[in-house]
Protein chains: 2
Amino acid sequence: MNNRSALVVLSGGQDSTTCLFWAKHHFKNVCAISYRYGQHHEQEVQIAQAICAEHGVPFTALDVPLIGTLGSNSLTDSTIPMDAEKPADGLPNTFVPGRNLFFLAIAAVYAREHGVFDLVTGVGQTDYSGYPDCRDAFIRSLNVTLNLAMDEQFRIHTPLMWLDKAGVWALADELGVFDVVRERTLTCYRGIPGDGCGECPACKLRRDGLQKYLATRNH
Amino acid sequence: MNNRSALVVLSGGQDSTTCLFWAKHHFKNVCAISYRYGQHHEQEVQIAQAICAEHGVPFTALDVPLIGTLGSNSLTDSTIPMDAEKPADGLPNTFVPGRNLFFLAIAAVYAREHGVFDLVTGVGQTDYSGYPDCRDAFIRSLNVTLNLAMDEQFRIHTPLMWLDKAGVWALADELGVFDVVRERTLTCYRGIPGDGCGECPACKLRRDGLQKYLATRNH
């Protein structure tokens, strides 16, 4: 635990919610920010808000519709059928170009305005689904760019960077929030909280990780 | 001249307008993008649009009000008196935190959507007024960050990076657009096109550079 404050980029999903509790464990003060950018399931913002309210975390939601409309993608444009997995020849069409760049850049400006320079994000490289903006090299480069853009010393924390989904479940369990993360968060592309639809790529990844973790946990 | 296409981030001021003509000289196809972000003088967007229309350049203007409201600054908040110069202890309050980061990140996503990977911006380090996001190190770092964010190969061009204002006038003259830049662009913080009010920091910088250039031009 340190005396600093941290801002968590929170989507209401498994990963960022686990990061919220990680931040609460490591920082004296924690606040959270969510974005409405035209994603199919804006209820994830309400879920993020409710989790924050229940755990005493100040919460802000910002409207950034431009993020969803600038680059074509199936996550914000319901006329495009979602890729079930990464195609061999490129990025999955669920990739929203620049999303994590905008999320973290907006978070940085917002945080700086409140005297906060520690940012926490749930991105990870292990199960990264082909999204380039989940990789460690991108995050480190962005950290330097943010520092240079505003002549400040931001620190982007990525507690999940090298964990697989089973490891994320293990971390939630260590933090004493396994049930909260399992029951309250929304990961499913079809908008069903908790264990979700069980069939979409996000649910499969989550479930496989859960089964793998539970197999070790019960021993 | 090369066969590629370039997207110019255009504000309708002296610097970015000079860059527009630099791009027309070096690229086969040129398009331009402007932003409405709550700046006092949104007429600069109309000026940018008119210059593009007169010179056959496809033009887009996007609304990004969040840029102006995220961080407090005197350029978008008329209740804050503008600093006339950089204070000894920090950044001038005309600094809009993250502005060039957002401008170029949005331009990159927009450009990629149109198959364009060359971006042109009028930022420069020589007369940079204390804005950290005008420096070369920031631009180079951002270029890497954009490439990593989208797994692409963007090239950010900064033809004015090492020029002083007299040098920018000289470049416009070389490109045959001295009169267009002098008469049509808007630099003045008070919103007066061309030679402007002559008294605000932006007008002074522009005028001093013009006088310096004209002194050498007439020899």
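Scroll up a little and you will see the structure.
Overview of the structure. Every value quoted in this text rests on a predicted model; they were computed, and no experiment measured them.

## A closer look at the overall build of chain A
Point 1. Along the backbone of chain A there are eight helices and five strands.
Point 2. Along chain A, helices (α) and strands (β) appear in the sequence β-α-β-α-β-α-α-β-α-β-α-α-α when read from the amino end.
Point 3. By the compact-globule yardstick of 17 Å for 219 residues, chain A fits well, its C-alpha radius of gyration being 17 Å.
Point 4. On the principal axes, the C-alpha backbone points of chain A span a range of 45 × 45 × 30 Å.
Point 5. With 219 residues in all, chain A has 48% of them scored as buried.
Point 6. Restricting to contacts in chain A with at least 6 residues of sequence separation, those with at least 24 account for 64%.

## Re the relation of the copies chain A and chain B
Point 1. If you rotate chain A by 180° and push it 0.0 Å along the axis, it lands on chain B with an RMSD of 0.0 Å. Given the turn and translation reported, the copies of this chain are related as if by a two-fold rotation axis.
Point 2. Mapped onto chain B, 100% of the interface residues of chain A are again interface residues, and the two copies thus contact each other with one and the same surface.

## Remarks on the interface of chain A and chain B
Point 1. Contact with chain A, which involves 30 residues of that partner, is made by 30 residues of chain B.
Point 2. Only α3 (65-70), α4 (99-113) and α5 (136-150) of chain A provide two or more residues apiece to the side of chain A that touches chain B.

## Thoughts on the sheet that holds strand β4 (residues 118-120) of chain B
Sheets are built from strands that pair by backbone hydrogen bonding, the pairs being arranged parallel or antiparallel.
Residues and elements named next belong to chain B.
Point 1. Taking strand neighbours across the sheet as the criterion, the five strands line up as β3-β2-β1-β4-β5 in an open arrangement whose pairing is parallel. For this open sheet the edge positions go to β3 (59-63) and β5 (155-157), each flanked by a neighbour on one side alone. Direction aside, the axes of adjacent strands within the sheet are offset by 25° on average.
Point 2. Together, β1 (2-9), β2 (27-36), β3, β4 and β5 form the strand contacts of helix α4 (residues 99-113), whose direction differs from that of β1 by roughly 140°.

## Regarding the pairing of β2 of chain B
All names here are of chain B.
Point 1. Burial of β2 is extensive: seven of the 10 residues sit out of reach of the surface.
Point 2. With six bridges connecting them, β1 and β2 associate as parallel partners. Within the sheet, the bridge partner assigned to Val-9 lies in β2 and is Ile-33.
Point 3. Once the chain exits β1 it traverses helix α1 (residues 14-26) before rejoining the sheet at β2, and the crossover so formed is right-handed.

## Thoughts on the packing of α4 of chain A against α4 of chain B
Point 1. Interaxial distance between α4 of chain A and α4 of chain B falls to 11 Å at its minimum, and their mutual angle equals 165°. Between α4 of chain A and α4 of chain B, the crossing angle belongs to the class labelled roughly antiparallel. Crossing geometry of α4 of chain A relative to α4 of chain B is assigned as left-handed. Facing α4 of chain A, whose interface residues are Leu-101, Phe-102 and Ala-105 of chain A, α4 of chain B presents Leu-101, Phe-102 and Ala-105 of chain B.
Point 2. When the residues that make up the contact of α4 of chain A with α4 of chain B are grouped by side-chain class, the tally is six nonpolar, no polar and no charged.

## Digging into the pairing of strand β2 (residues 27-36) of chain A
Residue and element names in this part refer to chain A.
Point 1. Taken together, the five bridges between β2 and strand β3 (residues 59-63) define a ladder with parallel strand orientation. Following the sheet pairing, Tyr-35 is matched in β3 by Leu-62.
Point 2. What joins β2 to β3 is helix α2 (residues 43-54), and the crossover it makes is right-handed.

## Some points on helix α1 (residues 14-26) of chain A
In an α-helix, one turn spans 3.6 residues; hence positions three or four apart end up facing the same way.
Residue and element names in this part refer to chain A.
Point 1. Between its terminal C-alpha atoms α1 stretches 19 Å, which fits the 18 Å expected from 13 residues at 1.5 Å a residue.
Point 2. Among the 13 residues in α1, 10 count as buried, and that is most of the element.
Point 3. Looking only at α1, the buried set comprises Gln-14, Asp-15, Ser-16, Thr-17, Thr-18, Cys-19, Leu-20, Phe-21, Trp-22 and Ala-23.

So, how was this worked out
- Throughout, a residue's number is its position along its own chain's written sequence, starting from 1.
- Each chain is given a letter, starting from A, and each ligand a number, starting from 1, according to the order in which they appear as written.
- In keeping with the model being predicted, local features are shown solely for residues with a pLDDT of at least 70 and side-chain atom pairs are shown and tallied solely at 80 or more, while totals for entire chains, interfaces and linings include all residues.
- Strands here are runs of E lasting at least two residues and helices are runs of H or I lasting at least four, both read from the DSSP assignment and numbered beginning at the N terminus.
- We take the radius of gyration over the C-alpha atoms and set the globule estimate at 2.2 Å times the residue count to the 0.38 power.
- Around each residue's C-beta, the other C-beta atoms within 10 Å are counted; 20 or more make the residue buried, 12 or fewer make it exposed, and counts in between make it partly exposed. All C-beta atoms are placed from the backbone.
- Contact between two residues is assigned when their C-beta atoms, built from the backbone, lie within 7 Å.
- Copy-to-copy superposition: least squares on the C-alpha atoms, limited to residues that have pLDDT of at least 70 in both copies.
- Here the rule is simple: two strands pair whenever DSSP picks up at least two bridges between them.
- Axis definition: a line fitted to C-alpha atoms, limited for helices to the stretch in contact. Angles are taken between N-to-C directions and run from 0 to 180 degrees.
- Orient the strands so they point away from the viewer; a crossover is then right-handed if the path from the first strand over the helix to the second runs clockwise.
- An angle below 35 degrees is read as roughly parallel, one above 145 as roughly antiparallel, one from 65 to 115 as roughly perpendicular, and any other as oblique.
- Left-handed is the label given to a crossing in which the near helix is rotated counterclockwise from the far helix by less than a right angle, and right-handed is the label when the rotation is clockwise.
- Charged residues are taken to be Asp, Glu, Lys and Arg, nonpolar residues to be Ala, Val, Leu, Ile, Met, Phe, Trp, Tyr, Cys and Pro, and polar residues to be all remaining types, Gly included.
- Here the expected length of a helix is defined as 1.5 Å per residue gap, with one fewer gap than residues.

The analysis is restricted to geometry; functional conclusions fall outside its scope.
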